[in-house]
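# Examination of the molecular architecture
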Amino acid sequence: MRKTKISNKIIFISLTFLTLLLYWYGKEIANYFDSKWLVKYPKHYSFPFAIYTTTFVKWLINEANFLLFTFNDLTRLFAWIIEQPYKIVLAIFSKGILRGQGQDAIQIIEPLSWISVVGIFFTLALYTKDKFLIILVVLSIVYLAVFDQWQSSMITLSSIIIAVPIGVILGILFGILSYKSKILEKIITPILDLMQTVPVFAYLVPILVMFGFGPVSALIATIIYAMPPMVRTTLLALNNIDPQLKESGLMSGCTERQLMWKVLIPVSKPTLLIGVNQVIMLSLNMVIIASMIGAGGLGYDVLASLRRLDIGGGIESGIAIVVIAIALDRLSQSFANLPTLSKKTQLTFYNKYKKIIFLLLYIISIYILGYFFTFFKFFPNELMINTSLFWEELVKYININYFDNLESFKITLLTFFMLPIKKFFLGIPWPWFIFVLTIIGWYFGKFKLALLCLVMSIFIVTTGLWEKAMITLYLCGSSVIIASIIGIPLGVWAGLNDRANKILTAFIDTLQTLPSFVYLIPVVMLFRVGDFTAMIAVILYALAPAVRYTAHGVRNINSQIIEAALISGCSQRQLLFKIKLPLALPEILLGINQTIMLALSMLVITALVGTRDLGQEVYIGLTKADIGRGLVAGLCVAFISIIADRIIKAGSNKLKNKYGIK
Amino acid sequence: MNKSPKLVCKNVWKLYGDKPKEFLQSHNYNPDKRIIEENGYIQAIRNATLEVYENEILVIMGLSGSGKSTLVRCMSRLVDPTVGEIFFENIDMGRLTKNELIEIRRHKMGMVFQHFALFPHRTVIENIAFPLEVQGINRAEREKSAMEIIDLVGLQGRENYFPKELSGGQQQRVGIGRSLAVKPELWFLDEPFSALDPLIRKEMQNEFLKIQNSLKKTIIFITHDFDEAIKLADRIIIMNEGRIVQIGSPEDLIMKPADDYVKEFTEDLPRERLLSVKSIMNNQKQPSNALTVYEDEKIFSILEKVLSEGSVSVIDRSNNIVGSLNRETVSRFINN
């Protein structure tokens, strides 16, 4: 045992040393042997995955034929099915019912007025019996009206109302299917991994090509993006059910279907509701991105403002999205935590549906009142508040007064931190990089992981995107380093101090509710475009898990171990450094892992501020509607995150096994 | 006791691993434990053969990992045995279709679980009525039956509580109630009282005996607690490492332990309280003694008599002399 440890150390040190050596002298060595391919993978050896993919999808759309119908018919049918409920919801919240087409259309029935929507959310919040929440939700909806975001908000809300149930139902169904069949589980799990790691932009293109530009495409993209956690949650919940509970269902004489719908699914309900919350949050996260393929609503407003560099407008719409996100998040969370189980009393029909009856009466009376007073129909213009000018002025003020400070901060970090990392990643010859990666894979996960690392990194090389992948690594790496430097100490603080924990948790919860895109807005304001801006946005977005996992790790150490350490005479400092931190390490590693995952997904979005990494490649694929280019670059990003994920998880498990923690 | 078997297990094996059936076949259905383990299989049940008689309480006793839970799950076909046959009322359980199995579970079997396995989203009455609900019995009727059971298990007034609002003992009463809802003929209890506090456990054991006295079910009761086994059992099966070590009445186990493993369980028991006169008496029928004791009296209750008298005659309940007992035998038994 000892011996292998020492030899491991020697291997580790020599590998590091060799890597540094190659980084400094790689070019010279390559020049000396006259083999430039060592440093730069030759272009004519790269395999045109992109072109093949594009050709395949084009064939699929134009020619694929399943005897009775074409692929095109299939996609159209699918789109039609999703479009119908969307039209209804959109009519209720935003458009009303129209007669006629286009400009000549006459509104026969008005959409719900702002007061009615406030009523609906008020009623929903009433079920949670949480006074604070009721106030929060009502204020949020009123906010949308007061700050003149109503029309766009309702379009966005409509798409959420459609995307979430479809995502949840499909998620539960796929979850059940993969629970029932081990083979299916084995097929679905890697697909889910890919769906969650391939950047969204990458599959926007094929969806765009298949379903065209418009809200339906946006809905489909949103559903694809938001569904995977629901599948996972369902599978997890079902697998975690006490086997005795299942047996007791069987012994009660359940058929398979009764067992699923009367026992397993109801028992998993609390966990499933957490999944629903995630689907809602992810759907909101897609709001801006989906507007690239025609979602409209708030997302489109943000995107358009960003393109016009209209900071004020962007912030206004961005905040509206945030407000909706926070309201829906808190609402769905408290539904998930609702203590439904207490002594049941027989309810009469009236008592059971009292709230809904009142709501319907309320909506009808508001509708009637709307005929007489426009106040009940539209929020009065003269009461609306426009803040875009204020934001504009604020940015101007900051840029005039703090430009030098911000600029020197940016340049310092760029020259002393980011550029060295960039040079390091771009300097290492690719064969060596792959070799070291494979060794690392071997160390943590033996043959399987080594093979995974090898195959995936070779794929990246052969696509000819190695250099861009290295830039992605450098941006991701620098962001994660800084996020960890900030996040881990914060997490430790939250782990040790109850009050800090409360404040930080609230803060981080809010950070995590924000759609990723929103982070770009203030950062662009302050630092304009470029790698640095991208990094700051990524850090902000990816900070949360570092804090959360660290706090959790420090907090959840067996109290008897702490007592034993105290009895042994530890000071608080010794307790932290000798006991708590080492034991929390596996958890901290998982936090860093999550940070990396979030960083990679954010990086693709930062392509909008002009990075030159894989994300940019994906984004170009989107703007040029080049399916292959986008998908292949997207796959490279996915592979990077899969490699990082597997290695870190294996490392964390290794540590946990060593300590015997579960 | 009516000695017709309700359930019969014949040479039941359960191995866990890859293709266990083929493995057993290639080893002539009798591989050594060593060979089983060397080939990467886990032996859960090894060649179990037994009969369960009508209206008896058969206790399966063994430490954790001895295969008792697996055996009982094979009997109810929650787990399919690797090889072997199980007959329930002369029906081969292995040949039942899915629907036939469901029918049997809906009408003839009930099971109580160690950790209660109550449905947390259903109230007490909904839990107890659940087996009736899945049969499609209408609400009024099933709730009426459930209320009778609630009375039987002593949960009056709690029918609209949710499981988490009940104590452990009360929760297991719900579990017992649910398993009785279909009026089963075969009643499985898988360590039903192991998760309870000692005092509650004792109370529940007594209650269980009371229920059995009025219902007269055929019972297969699993426990790892030998005292519990002795207290409840008509017959006991001792299992060790998947194998049935001994089947017999409590007295058999104490007087004639099959091996050291069984002996270890029985050693520290207060034997004079468990054994009857019959098990230690002398078969010579000496008619001379004026003092008599019944053969089925427990030894501790006749100790004084024998020690002071020196010798007594043993009679059965029809007052026929069946043997005798003297001071030496008794004092040897006590000091042993």
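Residues numbered from 1 in each chain as written. Chains lettered and ligands numbered in written order. Predicted model: local features only at pLDDT ≥ 70, side-chain atom pairs only at ≥ 80, totals over all residues.

Time to look at the overall build of chain A. Each helix and strand in chain A was counted, giving 26 helices and four strands. What you see for chain A is a C-alpha radius of gyration of 27 Å, in line with the 26 Å of a compact globule of 662 residues. Summarising its shape, the C-alpha atoms of chain A cover approximately 85 × 70 × 60 Å along the three principal directions. In chain A, which comprises 662 residues, the share counted as buried stands at 43%. Partitioning the contacts of chain A with sequence separation of at least 6, the portion at a separation of at least 24 is 78%. (Helix = DSSP H or I, 4+ residues; strand = E, 2+ residues; numbered from the N terminus. Rg over C-alpha atoms; globule rule 2.2 N^0.38 Å. Buried ≥ 20, exposed ≤ 12 C-beta atoms within 10 Å, placed from the backbone. Contact = placed C-beta atoms within 7 Å.)

What chain B contains, in helices and strands, is 14 helices and 13 strands. Dimensions of chain B, computed from the C-alpha atoms along their principal axes, are close to 70 × 60 × 35 Å. Going through the 336 residues of chain B one by one, you find that 40% of them count as buried. Counting contacts in chain B only where the partners sit at least 6 residues apart, residues at least 24 apart contribute 66% of the total.

So, on to the nonpolar core. Among the nonpolar cores identified, the biggest contains 251 residues, and L204, A221 and C636 of chain A are the most heavily contacted of them. The dominant element in this core, judged by the number of residues it contributes, is helix 22 (residues 531-555) of chain A, at 17 residues. Leave out the neighbours within four places in its chain, and C636 of chain A touches I460, T463, L465, A469 and L614 of chain A. V306, V312, L325 and V330 of chain B belong to the second-largest nonpolar core, a separate cluster that totals 10 residues. (Core = buried A, V, L, I, M, F, W, Y, C linked by C-beta atoms within 7 Å.)

Before going further, it helps to examine the domain arrangement of chain A. Residue and element names in this part refer to chain A. The assigned domain composition of chain A is domain 1 (1-39 + 428-462) and domain 2 (403-420 + 465-662). Computed over C-alpha atoms only, the centres of domain 1 and domain 2 are separated by 24 Å. Each partner contributes to the interface: domain 1 provides 12 residues, whereas domain 2 provides 12 residues. Of the residues assigned to the side of domain 1 that touches domain 2, the class counts are 10 nonpolar, two polar and no charged. (Domains from an automatic or database assignment. Nonpolar A, V, L, I, M, F, W, Y, C, P; charged D, E, K, R; others polar.)

With that settled, the discussion passes to helix 13 (residues 299-309) of chain B. Residues and elements named next belong to chain B. Within helix 13, the full set of buried residues consists of I299, I302 and V306. Viewed end-on, helix 13 has its buried residues packed into an arc of 75°, placing them on one side of the element. Relative to its buried face, helix 13 has exposed residues pointing more than 90 degrees away, namely E304, L307 and S308. Residues of helix 13 that are buried make contact with helix 12 (271-274), strand 11 (292-294), strand 12 (311-315), strand 13 (321-326) and helix 14 (327-335). Of the residues one or two after helix 13, G310 is the one with positive phi, at around 95°. (Arc of directions from axis to C-beta.)

Quick look at unusual backbone geometry now. All names here are of chain B. The phi dihedral of N11 is positive, around 45°, even though this residue is not glycine. Here N11 shows up in strand 1 (residues 5-16). Accessibility expressed as a C-beta count within 10 Å gives 14 for N11, which makes it partly exposed. For F116, which is not a glycine, the phi torsion comes out positive at approximately 70°.

A word on the interface of chain A and chain B. The interface of chain A with chain B comprises 22 residues on the first partner and 26 residues on the second. A total of six residues in the side of chain A that touches chain B trace back to one element, the largest contributor, which is helix 11 (residues 243-251) of chain A. Tallied by class, residues from the side of chain A that touches chain B come to eight nonpolar, eight polar and six charged.

All right, on to the sheet that holds strand 13 of chain B then. Residue and element names in this part refer to chain B. An order of 11-12-13 is seen for the three strands of this open sheet, with the pairing classed as mixed. Edge strands, defined here as strands with exactly one partner in the open sheet, are strand 11 and strand 13. Neighbouring strand axes in the sheet, compared pairwise and without regard to direction, differ in orientation by 35° on average. As defined by bridge partners, strand 11 adjoins strand 12 across three bridges and the pair is classed as parallel. (Pairing = 2+ DSSP bridges. Axes fitted to C-alpha atoms, helices over the stretch in contact; angles between N-to-C directions.)

All right, on to the packing of helix 17 (residues 388-427) of chain A against helix 19 (residues 466-496) of chain A then. Residue and element names in this part refer to chain A. In the contact formed by helix 17 and helix 19, the axes pass within 9 Å of each other and the chain directions differ by 145°. Crossing handedness for the pair helix 17 and helix 19: right-handed. The residues of helix 19 that touch helix 17, namely those facing F417, M418, I421, K422, F425 and L426, are E467, M470, L473, Y474, G477 and S478. Its residues assigned to classes, the contact of helix 17 with helix 19 shows eight nonpolar, two polar and two charged. (Left-handed = near helix turned anticlockwise from the far one by under 90°.)

Each regular strand shows side chains that alternate between the opposite faces of the sheet. All names here are of chain B. On strand 12, burial follows the alternation: V312 and V314 on one face are buried, whereas S311, S313 and I315 on the facing-out side are not. Read as a crossover between parallel neighbours, the route from strand 11 over helix 13 to strand 12 is right-handed. In the sheet, strand 12 pairs with strand 13 via five bridges, with the strands oriented antiparallel. When the sheet's bridge partners are listed, S311 is paired in strand 13 with N326. Linking strand 12 to strand 13, which pair antiparallel, is a turn of five residues; within it N319 sits at a positive phi near 65°. (Right-handed = clockwise from strand over helix to strand, strands pointing away.)

This brings us to the environment of L157 of chain A. Residues and elements named next belong to chain A. Structurally, the position occupied by L157 is in helix 6 (residues 150-180). Sequence spacing of L157 and D626 is 469 residues, and the spatial spacing of their C-alpha atoms is 30 Å. With residues near it in sequence (within four places) discarded, L157 still touches F93 and I324.

Glancing now at the pairing of strand 1 of chain B. All names here are of chain B. In this structure, strand 1 lies alongside strand 2 (residues 42-53), joined through eight bridges in antiparallel fashion. Within the sheet, the bridge partner assigned to K14 lies in strand 2 and is I45. Pairing of strand 1 with strand 4 (residues 83-88), which is carried by five bridges, proceeds in the antiparallel orientation. Bridge pairing in strand 4 places K10 opposite E85.

Another aspect to go through is the environment of P380 of chain A. Along the chain, the position of P380 of chain A falls in the loop between helix 16 (349-372) and helix 17. According to the C-beta neighbour criterion, P380 of chain A is exposed, with 10 such atoms within 10 Å.

This paragraph deals with the domain arrangement of chain B. How big an interface is tends to be stated in terms of accessible area lost as the parts join. Residues and elements named next belong to chain B. Looking at the assigned domains, one finds that chain B contains domain 1 (5-108 + 184-269) and domain 2 (274-335). One C-alpha centre belongs to domain 1, the other to domain 2; they are set 35 Å apart. On the domain 2 side, the residues contacting the six residues of domain 1 number four residues.

As a further point, take the confidence of the model for chain B. All names here are of chain B. Summarising the model, chain B shows a mean pLDDT of 88, and 97% of its residues fall at 70 or more. Predicted confidence in chain B is weakest over helix 12, with a mean pLDDT of 77, and strongest over strand 8 (residues 218-223), with 95. Across the predicted assembly, pTM comes out at 0.81 and ipTM at 0.82. (pLDDT = per-residue confidence, 0-100.)

Residue and element names in this part refer to chain A. Between helix 7 (residues 182-197) and helix 26 (residues 627-659), the least distance of the axes is 9 Å, while the angle of their chain directions is 115°. Considered as vectors, helix 7 and helix 26 are oriented roughly perpendicular to each other. Like other packed secondary-structure pairs, helix 7 and helix 26 cross with a definite hand, here right-handed. Across the interface between the two elements, D193, L194 and T197 from helix 7 touch A638, S641 and I642 from helix 26. Within the contact of helix 7 with helix 26, the residues separate by chemical class into three nonpolar, two polar and one charged. (Parallel < 35°, antiparallel > 145°, perpendicular 65-115°, else oblique.)

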